[in-house]
Amino acid sequence: MKKIIAIISFVLLGGSLFSQNPGYMGRHVLVNMEAYISPAWKNPTDLGNALLARGVSSKAVRYLGLNYFLSPNLEVIVWRKGTVGAGYDFYKSPFNPNSSGSFFASYNTSSANSNATMKAHGFNVFYKQYLGQTMAPMGNYLKFTFDGYFYNYSVPDAVWQDYVDSHRSWDETSPVSNETQNGKGKLFAFKVEYGYDYFVLDCLRLSMGISLGTTFGGYKAMGRDRNNLSVSDYADNRLLNAYWFGVKLGVGFLTF
C-alpha cells in the first residue's frame, strides 16, 4: 500500500508542477470515482453468484453476472488539451483453476464453493488527451492507462483436490508441486479508452467510455497443455478475461 501511495503522489506532484494553464474556471484538480464493467458470459462472478442465490436462471446470469473494477482517482489538468492522473484499483472475483482456461471458461452454477476466489488491490496512472475543439477537462478524449494489480487467492478444499488430481502435483518435478491453497500474485496491464466528459453545474463531471486493453500475462491458461499451470496462471487468466474490454461510468468533482 505504501508503494501505491508513493506512485500516486509522484504522478500528481509532477502534474501539479506542469499546471501552468488556466485550467477550468481557474481550477485544476478533479476527484473521480470510476467503475469499469464488462460481460462475463461463462465466467463466474460475485454478482452472478448473488443472482443465482436469488433464484435467477443460469441462462440469465450468463448475461447479467458482470465483471467490475472500481477505480477512485485524482486527475490534474496539465495543459489546455490534456490531464494526468493516478488512483487506486480494486477487483474481486471467483475463478476456476480446473476450467478450460479459455475466454469462455465454464461457469459453474452449482455453488459459490465450486470456485476459488481472488481479491486484487493496485494502482493506475494515466494520461488523457482531449480531441477536436474541446479543452480539458470536458469533451471527447483518448485515455491511456497503466494498471498494476496485487492479488491474493484462496482455493476451497474440494476445488484444491481436483486441482491436485488434474495437474500432476504429486510429481516432484512438476512446477505445480510447490503450489498452495492460499497464495498471492501480481499482474500489470495497459488499456486505451475512448470516451466523453461533460459538466453539470460547473463542478460535477459525468463520464462515459469504452476501453480495450491487455494484461501482461494470463495467456498460459488459454493453451491446450494445462497440466503444469499454477493457480496464479488461472487467476491471471481470470483477470485478463475481465480486463480486455470495459465500459466505463464515472463521476468527478472539480475541486481547486
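Residues numbered from 1 in each chain as written. Predicted model: local features only at pLDDT ≥ 70, side-chain atom pairs only at ≥ 80, totals over all residues. Heavy atoms only, no water.

Enquirer: When you look at the overall build of the protein chain in this model, what are you seeing that I'm missing?
Expert: When helices and strands are counted, the protein chain shows five helices and eight strands. Counting the 256 residues in the protein chain, one finds 46% classified as buried. Of the contacts made within the protein chain by residues no fewer than 6 positions apart, 76% connect residues no fewer than 24 positions apart. Accessible surface, the protein chain as shown: approximately 12,600 Å² in total, 64% of it carbon and sulfur. (Helix = DSSP H or I, 4+ residues; strand = E, 2+ residues; numbered from the N terminus. Buried < 20%, exposed > 50% of the residue type's maximum accessible area, 1.4 Å probe, protein only. Contact = heavy atoms within 4.5 Å. Areas by Shrake-Rupley, 256 points an atom, 1.4 Å probe, with all protein chains shown as cover.)

Enquirer: Explain the packing of aromatic side chains here, please?
Expert: Within a pair of aromatic rings, the relevant descriptors are the distance that separates the centres and the angle that separates the planes. In the structure shown here, the tally under the stated rule is 13 aromatic pairs. Where Phe 150 meets Phe 188, the ring centres are 5.9 Å apart and the plane angle is 90°; that geometry is what we call edge-to-face. Here Phe 150, found in strand β5 (residues 139–154), pairs with Phe 188, found in strand β6 (residues 182–200); they are 38 residues apart in sequence, far enough to count as distant. Classification of Phe 150 by relative accessible area gives partly exposed; the value is 34%. (Phe/Tyr/Trp six-rings, centres within 6.5 Å; stacked < 30°, edge-to-face > 60°.)

Enquirer: I'm lost on helix α5 (residues 231–243) in this one. Help?
Expert: An α-helix turns once every 3.6 residues. As a result, residues three or four positions apart point the same way. Its 13 residues place the ends of α5 19 Å apart at the C-alpha level, agreeing with the 18 Å of an ideal helix rising 1.5 Å per residue. Counting buried positions along α5 gives 13 out of 13 residues, so the element sits mostly inside the fold. (Expected span 1.5 Å × (residues − 1).)

Enquirer: Can you help me understand unusual backbone geometry in this one?
Expert: With glycine set apart, most residues show a phi of negative sign, and most peptide bonds adopt trans. Pro 137 follows Ala 136 through a cis peptide bond whose omega is 10°. Within the fold, Pro 137 resides in the loop between β4 (116–130) and β5. The phi dihedral of Leu 201 is positive, around 65°, even though this residue is not glycine. Assignment of secondary structure puts Leu 201 in the loop between β6 and β7 (204–215). A relative accessible area of 74% means that Leu 201 is categorised as exposed.

Enquirer: When you look at the nonpolar core in this model, what are you seeing that I'm missing?
Expert: Within soluble globular proteins, side chains that are nonpolar generally end up buried alongside one another. In terms of nonpolar packing, the biggest core is built from 25 residues, with Phe 69 and Phe 95 touching the most fellow members. Secondary structure elements with two or more residues in this core: β3 (82–95), β4, β5, α4 (157–166), β6 and α5. With six residues, α5 is the single largest residue contributor to this core. Leaving out residues up to four positions away in the same chain, Phe 95 has contacts with Pro 44, Asn 115, Ala 116, Thr 117, Met 118, Tyr 153, Val 231, Tyr 234, Ala 235 and Arg 238. By size, the runner-up hydrophobic cluster in this structure holds eight residues, among which are Tyr 24, Ile 77, Tyr 141 and Leu 254. (Core = buried A, V, L, I, M, F, W, Y, C linked by side-chain atoms within 4.5 Å.)

Enquirer: Looking at this structure, how should I read the sheet that holds β4?
Expert: What links the strands of a sheet is backbone hydrogen bonding, and the strands pair in either a parallel or an antiparallel sense. The strand order β1-β2-β3-β4-β5-β6-β7-β8 describes a closed barrel built from eight strands, whose pairing is antiparallel. Strand-to-strand twist across the sheet, computed as the mean angle between neighbouring axes with direction ignored, equals 25°. As defined by bridge partners, β4 adjoins β5 across 14 bridges and the pair is classed as antiparallel. If you follow Asn 124 over to β5, its bridge partner there is Asp 147. (Pairing = 2+ DSSP bridges. Axes fitted to C-alpha atoms, helices over the stretch in contact; angles between N-to-C directions.)

Enquirer: It is not clear to me how the pairing of β7 should be interpreted in this structure. Could you clarify?
Expert: A regular strand places its side chains on the two faces of the sheet in alternate fashion. For β6 and β7, the ladder comprises 12 bridges, and the chain directions are antiparallel. Its bridge partner being in β7, Lys 191 is matched across the sheet by Gly 213. Here β6 folds back onto β7 in antiparallel fashion, the turn holding three residues, of which Leu 201 has a positive phi close to 65°. Pairing analysis gives nine bridges linking β7 to strand β8 (residues 245–254), with the strands arranged antiparallel. Residue pairing in the sheet places Leu 206 in a bridge with Val 251 of β8.

Enquirer: I'm lost on the pairing of β3 in this one. Help?
Expert: Most of β3 sits out of view: 12 of its 14 residues are buried. Bridging between strand β2 (residues 67–79) and β3 involves eight bridges; their strand directions are antiparallel. Note on β3: the bridge partner recorded for Ile 77 is Thr 83. Between the end of β2 and the start of β3, which pair antiparallel, lie two residues. Note: β3 against β4, 14 bridges, orientation antiparallel. When the bridges of β4 are listed, Ser 93 appears paired with Met 118.

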